[in-house]
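Listed below are the residues making up each chain.
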Amino acid sequence: MGNTCSEPSVGVLEVAIQKGLPAQKKAASPSVAIVYYSTYGHVKVLADEIKKGLEATGTSADLFQVPETLPPTALQALGAPDKPADVMLLDRAFLSELPKYDGFMFGMPTRFGMMASQMKAFFDGTGSLWQSGALAGKLGATFVSTGTQQGGQETTHFTAVTQLVHHGMCYVPLGYQAGGDGQFDLNEIHGGSPWGASTLAGADGSRQPSALELKIAKKQGEVFGNAVKRTTTPAAAKKPKVCVVYYSTYGHVKKLADEIAASMKEEGVTVDMFQAPELLGADVLKKMGAPAKPSDAVMDHTKVQQLADYDGILFGIPTRFGSAAAQMKAFFDSTGSLWQSGALAGKLAGSFCSTGTLNGGQESTHMTTLTNFVHHGMIYVPLGYQAGGDGQFDMTEIHGGSPWGASTFAGADGSRQASAMELKIARRQGKVFASKVKQMVK
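The name given to the protein chain in an unreviewed UniProt entry is Flavodoxin-like domain-containing protein, with the source organism recorded as Symbiodinium natans.

Shown next, in the form of structure tokens:
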């Protein structure tokens, strides 16, 4: 496993008999379930500190450990301590109770830059909740432990987000809201990233979470607790405002943007449309056969500060080599002053895209764009499978639309236009996003 793992794993067939209290919901609304796995206790220490941060906001929390999959002999060989007997054990029977919580924080050690198999087994066991959409719209966050610096401190969060997206859960990152708690410190080795709190266990698991790491963990609990409270308290009387920022060469992304905007307006949300500045010259666009640009205002550097005035922002992105086109990347790069002031932290964000071919960025374009939202501390609102009744599950025709968001295929030459089904999925994304903005506007 090299130097990227925090808590070594051994493949065996036996399963440990694990101690722990019976699972039950004790927390009162607003309530959060902290679900974690820990071999040596590092993740558990972070979980305890996060719980303090949640409670400091008036948010109630229950702590759950997921079942161990290693036998006692393997755990003994690893030098792992006994599991806490005073923490509830999240068994399969309790999974049906999870939708009663308002939010979830998932703690996991790293294995090869992603979550340990014990946590993956937990997520794999939530299929019935996925099927019923019981967790769609719930808030989720992550915190981790790794063996070394840069050994999964970001990728463990990054790869874990896919579980939340498929459930339709909204991802709440820490962003840089712990900047005053040591997140920017360069005088000592420490965990903590824009994704969430973390600790470094050391190659042998002997290093314990530092005071600075615990401070960041508590701050994450506070940030998440305040976000959860926004979903459980009455919304403000003001009319929500959403901004749609997109780039479109041939008009495919613009078409999706129009459908999304129209459906949000139907839900009583004010919507403004902006296109990202063009980087290509008129002669180049002419050779490419690109049509004239739409009449929507251009979001240039003089207008970027206006983004702070919106409750939510949706981003429309054409794909270039599986990630955002340069025009959209240049737009994100221009938001540095907003990042510096934390002006977009806590704002809601979503994405939709266009690719030339099937599976040519339909997911990775969203996923790589997510890093921009995370660094700003924006709350990511995916579509999940809430467009299942609008054709998302359809297997009779080629169509876009993923758990991340609406999408279309342009074809290798850009001649294919968005289909009726793709436009229907786009409209559903607009309604899903509008609903969440209306719920959380304050």
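Q: Hey, could you run me through the nonpolar core in this one?
A: Side chains that are nonpolar tend, in soluble globular proteins, to be buried together. In this structure, I34, F143, F224, M264 and F352 are the most contacted members of the largest nonpolar core, which totals 58 residues. No other element matches the nine residues that helix α12 (residues 420-440) contributes to this core. Residue-level mapping places this core at the junction of two domains, with at least three residues from each of domain 1 (31-232) and domain 2 (241-440). The next biggest cluster of nonpolar side chains, apart from the first, holds 57 residues, and it includes F64, V161, C243 and V245.

Q: How do you make sense of the side chain of H157 when you look at a structure like this?
A: Note that H157 resides in helix α5 (residues 155-167). The exposure class assigned to H157 is buried, which follows from its relative accessible area of 0%. Other than its neighbours up to four places away in sequence, H157 contacts T142, F143, V144, Y171, S193, W195, G196 and A197.

Q: Explanation requested: the pattern of salt bridges in the structure shown.
A: If charged atoms from side chains of opposite charge come close, those side chains can pair. Enumeration according to the criterion identifies 18 salt bridges in this entry. For the salt bridge of K254 with D258, the shortest nitrogen-to-oxygen distance reads 2.8 Å. One end of the pair, K254, and the other, D258, are both in helix α7 (residues 252-266), four residues apart, so they sit about a helical turn from each other. Judged by its relative accessible area of 16%, K254 falls in the buried class. Overall, the relative accessible area of 32% leaves D258 in the partly exposed class. One connected set of salt bridges, linked through shared partners, spans K254, D258 and D296.

Q: Looking at this structure, how should I read the domain arrangement of the protein chain?
A: Put simply, an interface is often sized by how much accessible area is lost when its parts join up. What the domain assignment reports for the protein chain is domain 1 (31-232) and domain 2 (241-440). Taking only C-alpha atoms, the centre of domain 1 and the centre of domain 2 are 30 Å apart. With 25 residues of domain 1 at the contact, the number on the domain 2 side is 25 residues. Regarding the contact of domain 1 and domain 2, the summed buried area is about 2,200 Å², with carbon and sulfur atoms giving 71% of it. A per-residue breakdown of the area domain 1 buries against domain 2 is headed by F158, V165 and R230, which together make up 27% of the total. Along the contact surface separating domain 1 from domain 2 lie six residue pairs in polar contact (both at pLDDT 80 or more). Mapped by element, the contributors of at least two residues to the side of domain 1 that touches domain 2 are α5, β8 (170-171) and α6 (211-232). Residue contributions to the side of domain 1 that touches domain 2 peak at six residues, all from α5. Looking at the side of domain 1 that touches domain 2 residue by residue, the classes come out as 16 nonpolar, eight polar and one charged.

Q: So what exactly am I meant to see when it comes to the UniProt feature "domain: Flavodoxin-like" (unreviewed entry) in the protein chain here?
A: The positions UniProt marks with the feature "domain: Flavodoxin-like" (unreviewed entry) are residues 32-224 and 242-433. Taken end to end, residues 32-224 has its terminal C-alpha atoms 9 Å apart, with 33% of it in helix and 19% in strand. With 33% helix and 19% strand, the stretch residues 242-433 has end C-alpha atoms that lie 9 Å from each other.

Q: Looking at this structure, how should I read the side chain of Q429?
A: For Q429, the location among the structural elements is in helix α12. Residues in contact with Q429, not counting those within four places in the same chain, are I260, L314, S351, F352, L383, W404, G405 and A406.

Q: Sorry if this is basic, but what is going on with the packing of α6 against α12 here?
A: Relative orientation of the contacting elements α6 and α12 amounts to 100 degrees, with a least axis distance of 7 Å. By the criterion of interaxial angle, the relationship of α6 to α12 is roughly perpendicular. Side by side, α6 and α12 meet where A227, R230 and T231 of the first sit next to K436, Q439 and M440 of the second. In terms of residue class, the contact of α6 with α12 is made up of two nonpolar, two polar and two charged.

Q: When you look at the packing of aromatic side chains in this model, what are you seeing that I'm missing?
A: The way to describe two aromatic rings as a pair is by their centre distance and the angle between their planes. Applying the stated criterion across every chain, the model contains 22 aromatic pairs. Measuring from ring centre to ring centre gives 5.3 Å for Y176 and F184, while their planes differ by 5 degrees; the resulting arrangement is stacked. Exposure remark for Y176: the relative accessible area of 26% places this residue in the partly exposed category. Owing to a relative accessible area of 45%, F184 belongs among the partly exposed residues under this scheme. An aromatic cluster is present here, built from F64, F94, Y101, F104, F106, F122 and F123 joined pairwise through their rings. Sitting above the plane of the Y101 ring, K25 keeps its charged end 4.8 Å from the centroid. In this arrangement the basic side chain of K241 is found over the ring face of Y310, its NZ or CZ atom lying 4.9 Å from the centre.

About the cut-offs
Residues numbered from 1 in each chain as written. Predicted model: local features only at pLDDT ≥ 70, side-chain atom pairs only at ≥ 80, totals over all residues. Heavy atoms only, no water. Core = buried A, V, L, I, M, F, W, Y, C linked by side-chain atoms within 4.5 Å. Buried < 20%, exposed > 50% of the residue type's maximum accessible area, 1.4 Å probe, protein only. Helix = DSSP H or I, 4+ residues; strand = E, 2+ residues; numbered from the N terminus. Domains from an automatic or database assignment. Contact = heavy atoms within 4.5 Å. Salt bridge = Lys/Arg side-chain N within 4 Å of Asp/Glu carboxyl O. Buried area = accessible area lost by both parts, 1.4 Å probe. Polar contact = N/O pair within 3.5 Å; in protein donor to acceptor, adjacent residues only side chain to side chain. Nonpolar A, V, L, I, M, F, W, Y, C, P; charged D, E, K, R; others polar. UniProt positions renumbered as here; feature names shortened; annotations may be inferred. Axes fitted to C-alpha atoms, helices over the stretch in contact; angles between N-to-C directions. Parallel < 35°, antiparallel > 145°, perpendicular 65-115°, else oblique. Phe/Tyr/Trp six-rings, centres within 6.5 Å; stacked < 30°, edge-to-face > 60°. Lys NZ or Arg CZ within 6 Å of the ring centre and 35° of its normal.

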